[in-house]
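Residue-level structure breakdown
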Amino acid sequence: MPEMPEVEGLVEFLRGRITGLRVDKATVSAINALKTYDPPLTALVGSTITAVDRHGKFLDVTTDAGLHLVFHLAKAGWLRWYDALPTTIIKPGKTPIALRVGFDDGSGFDLTEAGTKKSLAVYAVRTPDEVPGIARLGPDPLGAGFDRAAFGALIAGRRTQIKGVLRDQSIIAGVGNAYSDEILHAARMSPYALAATLTDDEVDRLFTAMTETLAEAIHEARGKPPAQLKDAKRRGMRVHGRRGEECPVCGDEVRSVFFADNSLEYCATCQTGGKLLADRRLSRLLK
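Note that the structure is a prediction, hence the values are computed from the model and not measured. (Residues numbered from 1 in each chain as written. Predicted model: local features only at pLDDT ≥ 70, side-chain atom pairs only at ≥ 80, totals over all residues. Heavy atoms only, no water.)

Running from amino to carboxyl end, helix α1 (residues 4–18) crosses helix α6 (residues 200–221) at an angle of 35°, the nearest separation of the two axes being 8 Å. Crossing handedness for the pair α1 and α6: right-handed. Two secondary-structure elements touch here, α1 through Met-4, Pro-5, Glu-8 and Gly-9 and α6 through Leu-214, Ala-217, Ile-218 and Ala-221. Among the residues forming the contact of α1 with α6, the class breakdown is six nonpolar, one polar and one charged. (Axes fitted to C-alpha atoms, helices over the stretch in contact; angles between N-to-C directions. Helix = DSSP H or I, 4+ residues; strand = E, 2+ residues; numbered from the N terminus. Left-handed = near helix turned anticlockwise from the far one by under 90°. Contact = heavy atoms within 4.5 Å. Nonpolar A, V, L, I, M, F, W, Y, C, P; charged D, E, K, R; others polar.)

What follows is the structure in structure tokens.
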């Protein structure tokens with residue numbers, strides 16, 4: 001799933017490519033991806049792009065018509081950029097393309113989604129807050145004014161595993177499964193630790209790990225075209241997606257815990273005092 005650093009990379013790329021261009025085409029080929037009907041998506045055609053921004057994992061394209069094209073790439077979505085937009089006809093149900101947007105200089109992009117579970121979401125709205133997911137977002141962890149005190153206040157008293165707190169978009173915006181693994185590894189903290197039980201020192205470590213991990217990932221994403229962002233993300237991961245490999249800090253084996261539709265990765269030596277976390281998928285099979 002694209003998270004804050006990759007979405008920020010897409011924002012910077014698009015901001016430099018499409019600001020000032022006129023929308024000549026906006027076509028949905030996966031009707032389930034379009035979550036709004038008023039205003040219609042076609043109302044974007046003829047408008048000029050004035051800004052490109054990010055809200056958590058949502059990308060927001062603003063036009064001079066007072067309308068916003070907002071989209072969330074979900075777990076398997078991506079943006080494919082073209083300097084010269086293809087002229088081939090998109091056949092609904094026969095392609096991974098969910099949305100095609102074209103501009104007056106001939107460039108454009110497709111939003112694509114792999115797999116059978118379709119969660120990519122597209123909105124045409126008058127204000128970003130009309131998108132339910134944006135309206136309930138928590139603060140951006142790299143936003144102005146979000147400091148250690150604000151972070152501590154957010155997690156204080158929460159009887160929830162810290163991995164879930166970091167991923168909860170209503171608490172902190174933009175962090176998902178991959179970067180929560182990386183943050184917890186950098187903080188030397190178990191993903192199962194309860195937020196309410198963290199000491200001041202642990203909150204300090206966690207806040208520093210979160211801000212530094214995300215800032216470094218954004219730095220690596222900056223200036224890269226969409227086609228290179230996924231590989232840049234994978235190269236930057238120390239534990240996420242590296243099951244069976246050596247931890248780059250201590251050399252222990254990176255291990256996984258599997259859930260219904262994803263997994264978490266961690267280093268037992270660095271994060272749990274050598275204790276292996278129960279693999280819930282295996283536990284269910286043994287019952």
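More follows now that the structure is in view.
Let us look at the confidence of the model for the chain. A residue-level look at the chain finds 97% of positions with pLDDT of 70 or above and a mean pLDDT of 94. Per-residue pLDDT stays below 50 along residues 283–287; that stretch engages in one contact with residues further than four places along the chain or on separate chains. (pLDDT = per-residue confidence, 0-100.)

Another aspect to go through is the packing of aromatic side chains. All chains considered together, the criterion is met by six aromatic pairs. Seen in terms of ring centroids, Phe-13 and Trp-81 are 5.5 Å apart; in terms of plane orientation they differ by 80°. Their pairing is edge-to-face. Note that Phe-13 is positioned in helix α1 and Trp-81 in strand β5 (residues 77–82), a separation of 68 residues in sequence. Taking the centre distance of 6.2 Å and the plane angle of 45° together, the rings of Phe-103 and Phe-109 count as tilted. (Phe/Tyr/Trp six-rings, centres within 6.5 Å; stacked < 30°, edge-to-face > 60°.)

A word on α1. The first and last C-alpha atoms of α1 sit 20 Å apart over 15 residues, in line with the 21 Å expected at 1.5 Å per residue. Where burial is concerned, most of α1 is hidden: 11 out of the 15 residues are buried. (Expected span 1.5 Å × (residues − 1). Buried < 20%, exposed > 50% of the residue type's maximum accessible area, 1.4 Å probe, protein only.)

Its place among the elements puts Glu-3 in the segment before α1. One polar contact links the side chain of Glu-3 to the main-chain amide nitrogen of Asn-177, over a distance of 3.3 Å. Setting aside residues no more than four positions away along its own chain, Glu-3 makes contact with Lys-57, Gly-174, Val-175, Gly-176, Asn-177, Ala-178, Tyr-179 and Lys-233. (Polar contact = N/O pair within 3.5 Å; in protein donor to acceptor, adjacent residues only side chain to side chain.)

Attention now moves to the nonpolar core. As a rule of thumb, nonpolar side chains are buried together in soluble globular proteins. Counting 35 residues, the largest nonpolar core has Leu-69, Phe-71 and Phe-109 as the members making the most contacts within it. Considering each element in turn, this core owes the most residues, six residues, to α1. Leave out the neighbours within four places in its chain, and Phe-109 touches Leu-14, Leu-69, Phe-71, Leu-79, Arg-80, Trp-81, Tyr-82, Leu-85, Leu-99, Arg-100, Val-101 and Phe-103. (Core = buried A, V, L, I, M, F, W, Y, C linked by side-chain atoms within 4.5 Å.)

Further remarks concern the sheet that holds strand β4 (residues 68–72). Read across the sheet, four strands follow the order β2-β3-β4-β8 without closing on themselves; strand pairing throughout is antiparallel. Where the open sheet ends on each side, the last strands, each with one partner, are β2 (49–55) and β8 (121–125). Mean inter-strand twist for the sheet, computed between neighbouring axes without regard to direction, equals 15°. In this structure, β2 lies alongside strand β3 (residues 58–63), joined through six bridges in antiparallel fashion. By the bridge assignment for β3, Arg-54 is matched with Leu-59. (Pairing = 2+ DSSP bridges.)

Looking now at the pattern of salt bridges. Under the definition given, this model contains 18 salt bridges. Among the salt bridges present, the one from Asp-104 reaches Arg-22, with a minimum N-O distance of 3.7 Å. Here the residue Asp-104 occupies a position in the loop between β6 (97–103) and β7 (108–113), and Arg-22 occupies one in the loop between α1 and β1 (23–28), the gap between them amounting to 82 residues. The partner of Asp-252 in a salt bridge is Arg-255, and the shortest N-O contact between them spans 4.0 Å. Here the residues in one salt-bridge network are Glu-3, Glu-6 and Lys-233, joined through shared partners. (Salt bridge = Lys/Arg side-chain N within 4 Å of Asp/Glu carboxyl O.)

Spatially, four strands are ordered β1-β6-β7-β5 in an open sheet, and the strand pairing comes out antiparallel. With one partner strand each, in any of the chains shown, β1 and β5 form the two edges of the open sheet. Strand-to-strand twist in this sheet, taken as the mean axis angle between neighbours without regard to direction, amounts to 15°. Where β6 and β7 come together, five bridges link them in antiparallel fashion. Its bridge partner lying in β7, Leu-99 is registered against Leu-111. Of the strands in this sheet, β5, β6 and β7 touch α1, which is tilted by about 25° from β5.

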